[in-house]
2 protein chains.
Amino acid sequence: MYAPLKNDSFLRACLRQTTEHTPVWLMRQAGRYLPEYRATRARAGSFMGLATNTDYATEVTLQPLDRYPLDAAILFSDILTVPDAMGLGLSFVNGEGPRFASPVRDEAAVAQLAVPDMDKLRYVFDAVTSIRKALNGRVPLIGFAGSPWTLACYMVEGAGSDDYRLVKSMLYSRPDLMHRMLAINADAVALYLNAQIEAGAQAVMVFDSWGGVLADGAFQQFSLAYTQRVLKQLKREHEGQRIPHIVFTKGGGLWLEDIAAIQPDVVGLDWTVNLGAARARIGDRVALQGNIDPNVLFAPPAAIRAEVERTLASYGPPIGPDGRAGGHVFNLGHGISQHTPPESVAVLVDAVHEVSRRMRSA
Amino acid sequence: MYAPLKNDSFLRACLRQTTEHTPVWLMRQAGRYLPEYRATRARAGSFMGLATNTDYATEVTLQPLDRYPLDAAILFSDILTVPDAMGLGLSFVNGEGPRFASPVRDEAAVAQLAVPDMDKLRYVFDAVTSIRKALNGRVPLIGFAGSPWTLACYMVEGAGSDDYRLVKSMLYSRPDLMHRMLAINADAVALYLNAQIEAGAQAVMVFDSWGGVLADGAFQQFSLAYTQRVLKQLKREHEGQRIPHIVFTKGGGLWLEDIAAIQPDVVGLDWTVNLGAARARIGDRVALQGNIDPNVLFAPPAAIRAEVERTLASYGPPIGPDGRAGGHVFNLGHGISQHTPPESVAVLVDAVHEVSRRMRSA
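Residues numbered from 1 in each chain as written. Chains lettered and ligands numbered in written order. Predicted model: local features only at pLDDT ≥ 70, side-chain atom pairs only at ≥ 80, totals over all residues.

Asks: Give a detailed account of the overall build of chain A, specifying residues and quantitative values.
Replies: Along the backbone of chain A there are 15 helices and 11 strands. A globule of 362 residues ought to have a C-alpha radius of gyration of about 21 Å, and chain A, at 19 Å, matches this closely. Counting only contacts in chain A whose residues sit at least 6 apart along the sequence, the fraction spanning at least 24 positions is 72%. (Helix = DSSP H or I, 4+ residues; strand = E, 2+ residues; numbered from the N terminus. Rg over C-alpha atoms; globule rule 2.2 N^0.38 Å. Contact = placed C-beta atoms within 7 Å.)

This is the structure:
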């Protein structure tokens, strides 16, 4: 049905298999820092206009690949499509980020929640299939979803937050309601990711963007347990191919052992974590993805190259003597900034390939 | 000159000496959640009107002590007084937080920076002396300052930030400028804290509120090294009394060993850190301060008490068999929210005292 993969370095690294270079992709690589993205976005009229239109979503997903020799593509979409399909009424206010018309703040609202009909998310699965075809085997396609906890943050707060007061008030005051919401979110996310896999996604990533705002103990109970509930339901194979599962908890560096214990294939790391230390802690069980500070891309080329070299060196030799001790997927530690100079990305991607090839031949 | 201390439990715990209960105070305990604070603030006209007036600063510092049996007072002030004294022009825009009229964004602006004349901060030292007198030995008084890096964040960004793009761009593009600014900040902070100690502060705390936004490696180089430069210059004793030094790095849980290595007496912890795990890592060298999520205070009394119990239990027995293995100062993991119900604070403080006394007698 689809063309065979020409570059499978990303999938191989996820499964801790040998690669000729360290594969690299960037969170939010299709985005506002690219003038061609802004042009398509202007034609689409709105963010959701872009995300819900198969042709536009395909076009912007491929834009960064036409500029840079990236080793993976990631579906252009948003983590909030799932609560939107639950009927919460998602909109994007310019310059302010996402907003829900009907946030979930009391027992009655939680009682109304249910796993949405996946037909409401058909536009996402159509985009996945369209992108996979358009990629024509160049690189693998990553599907994604928000973690149950991260979705709950937005569902309760109704928008971004800097203190998570409403969602944490519910967590500490009515843990029963929070558990109910998280269970529904988890089952919805699992269905959603499995449908992306069936539509053509070759790896899937769970973004626990707000797991790191939780207290120790609360993280394990209210975030990780529900990410685990997602993973347990996910397809591990599709049409004979292994589908790697990636879990990224921003601010989760203290809990790496716990995260590895729910058995994702890859653990994403933000820039606060030392890659070598993370590898020593969990690298015999999972591959690692990350983790340069996106603000490095505002530095001159020599400084970007130096940081790439430092990051690759901190991970250490890519593969151990048994051929499976490692597995590093290079990425930023968080989404790329909209203010990033596009030429900095070229410097980064080339440096990752060049330095990691050199490290392998050393 | 001053009345002798009636309750020295806070100072004793900082120095890992035996106490009858776990002492407790709260970051930002004098603040907007208290109606009496809001009344004084209204009379003062502005935040800086409050902070620069000795009588008002004394009044609001003592307000929480009149309500709750807290074990320490903390100077009412702001970390940005130091860059304000450097001539950056601090103002507080209502609802938006602090702002500098003249942010430091280029080589010329960095070249202008110098350690300010401490006479410009006389109002702070006068407040310290006034508060110490007014306390009349009830509990010890804590002085404080921002860390060199945290001050630099505000100095470069000119206000709060959610991505620290400007300050990190300078860090990665012109590390020479950043190091120059940080050295000046460190020397200014050391002078400032020593003057607070001379004016009557019985312990001092360095708030590295934004250390946790740095990448591993950058944190050690650009935040911790300069906090160390501060500590090295600080008085350890004044008039025969040991002055405990507290360092709090929000988001610094991964770097506890590094933080303990610069030899503060106390390491402050946010809520992402497990106290027992932190104690196992560094608790033989320093006391620990923290670390309940301030959002716990939005829960009903029984839930607050349960979280207090969990937190005290996670630290474990307060003092080890050698009589000096521990030392726990109870606190939140970050400043108290302005939306906190004042009655929740009473529940928390009472629970800390009651449960920790019970644990000692068990």
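Past the structure itself, the notes keep going.
Asks: I'd love a proper account of the pairing of strand 3 (residues 97-100) of chain A, names of residues and values included.
Replies: Residues and elements named next belong to chain A. With four bridges joining them, strand 2 (residues 90-93) and strand 3 adopt antiparallel strand pairing. By the bridge assignment for strand 3, Phe-92 is matched with Pro-98. The antiparallel hairpin formed by strand 2 and strand 3 contains three residues in its connecting segment, where Gly-95 sits at a positive phi of about 80°. (Pairing = 2+ DSSP bridges.)

Asks: Break down the relation of the copies chain A and chain B for me, with residues and values.
Replies: Overlaying chain A with chain B gives an RMSD of 0.0 Å, the required rotation being 180° about an axis along which the chain moves by 0.0 Å. Expressed as an axis order, the relation between the two copies is that of a two-fold axis. The rotation axis passes nearest to the C-alpha of Leu254(A) in chain A, at a distance of 3.1 Å. A share of 100% of interface residues in chain A that are also interface residues in chain B marks the association as one of identical surfaces. (Least-squares fit on C-alpha atoms with pLDDT ≥ 70 in both.)

Asks: Go over the sheet that holds strand 4 (residues 141-146) of chain A with me, naming the residues and quoting the values.
Replies: In a beta sheet, neighbouring strands are held together by backbone hydrogen bonds and run either parallel or antiparallel to one another. Residue and element names in this part refer to chain A. With parallel pairing, seven strands are arranged side by side in an open sheet as 1-4-5-8-9-10-11. The outermost strands of the open sheet, each flanked by one partner alone, are strand 1 (73-74) and strand 11 (328-332). In the sheet, strand 9 (residues 266-268) pairs with strand 10 (residues 287-292) via three bridges, with the strands oriented parallel. Looking across to strand 10, one finds that Val-266 is bridged to Ala-287. Strands strand 1 and strand 4 of the sheet are contacted by helix 7 (residues 122-135), whose axis makes an angle of about 155° with strand 4. Along the sheet face, helix 14 (residues 301-315) touches strand 10 and strand 11 and points at about 155° away from the line of strand 10. (Axes fitted to C-alpha atoms, helices over the stretch in contact; angles between N-to-C directions.)

Asks: Residue-level account of the sheet that holds strand 8 (residues 245-249) of chain B, with values.
Replies: Residue and element names in this part refer to chain B. Strand order in the open sheet made by the seven strands is 1-4-5-8-9-10-11, with parallel pairing throughout. Since the sheet does not close on itself, it has two edges, and those belong to strand 1 (73-74) and strand 11 (328-332), each with one partner. In this structure, strand 5 (residues 203-208) lies alongside strand 8, joined through five bridges in parallel fashion. Within strand 8, the residue paired with Met-205 across the bridge is Ile-246.

Asks: Tell me about the interface of chain A and chain B, and name the residues and values.
Replies: Taken together, the 28 residues of chain A in the interface contact 28 residues of chain B. Contributions of two or more residues to the side of chain A that touches chain B are made by helix 9 (165-173) and helix 14 of chain A. At five residues, the largest contribution of residues to the side of chain A that touches chain B is made by helix 9 of chain A. Each residue belonging to the side of chain A that touches chain B can be placed in one class, and the counts come to 11 nonpolar, 11 polar and six charged. (Nonpolar A, V, L, I, M, F, W, Y, C, P; charged D, E, K, R; others polar.)

Asks: Pulling in residues and values, what's your account of unusual backbone geometry?
Replies: Between Gly290(A) and the following residue, Asn291(A), the backbone shows a cis peptide bond with an omega angle of 0°. If you check the backbone angles, Arg28(A) has positive phi at about 60° while not being a glycine. Inspection of the secondary structure puts Arg28(A) in the loop between helix 1 (9-14) and helix 2 (35-44). For Glu239(B), which is not a glycine, the phi torsion comes out positive at approximately 45°. Relative to the assigned elements, Glu239(B) resides in the loop between strand 6 (237-238) and strand 7 (241-242).

Asks: Explain the packing of helix 5 (residues 81-88) of chain B against helix 8 (residues 148-157) of chain B residue by residue, including any values.
Replies: Two numbers describe a pair of packed helices, the interaxial angle and the distance between the axes. Residues and elements named next belong to chain B. Remark: helix 5 packs on helix 8, axes separated minimally by 10 Å, with the N-to-C direction vectors making an angle of 45°. As far as their axial angle goes, helix 8 and helix 5 are oblique. For the element pair helix 5 and helix 8, the recorded crossing hand is right-handed. The residues of helix 8 that touch helix 5, namely those facing Val-82, Pro-83 and Leu-88, are Leu-151, Tyr-154 and Met-155. For the contact of helix 5 with helix 8, a count of residues per class yields six nonpolar, no polar and no charged. (Parallel < 35°, antiparallel > 145°, perpendicular 65-115°, else oblique. Left-handed = near helix turned anticlockwise from the far one by under 90°.)

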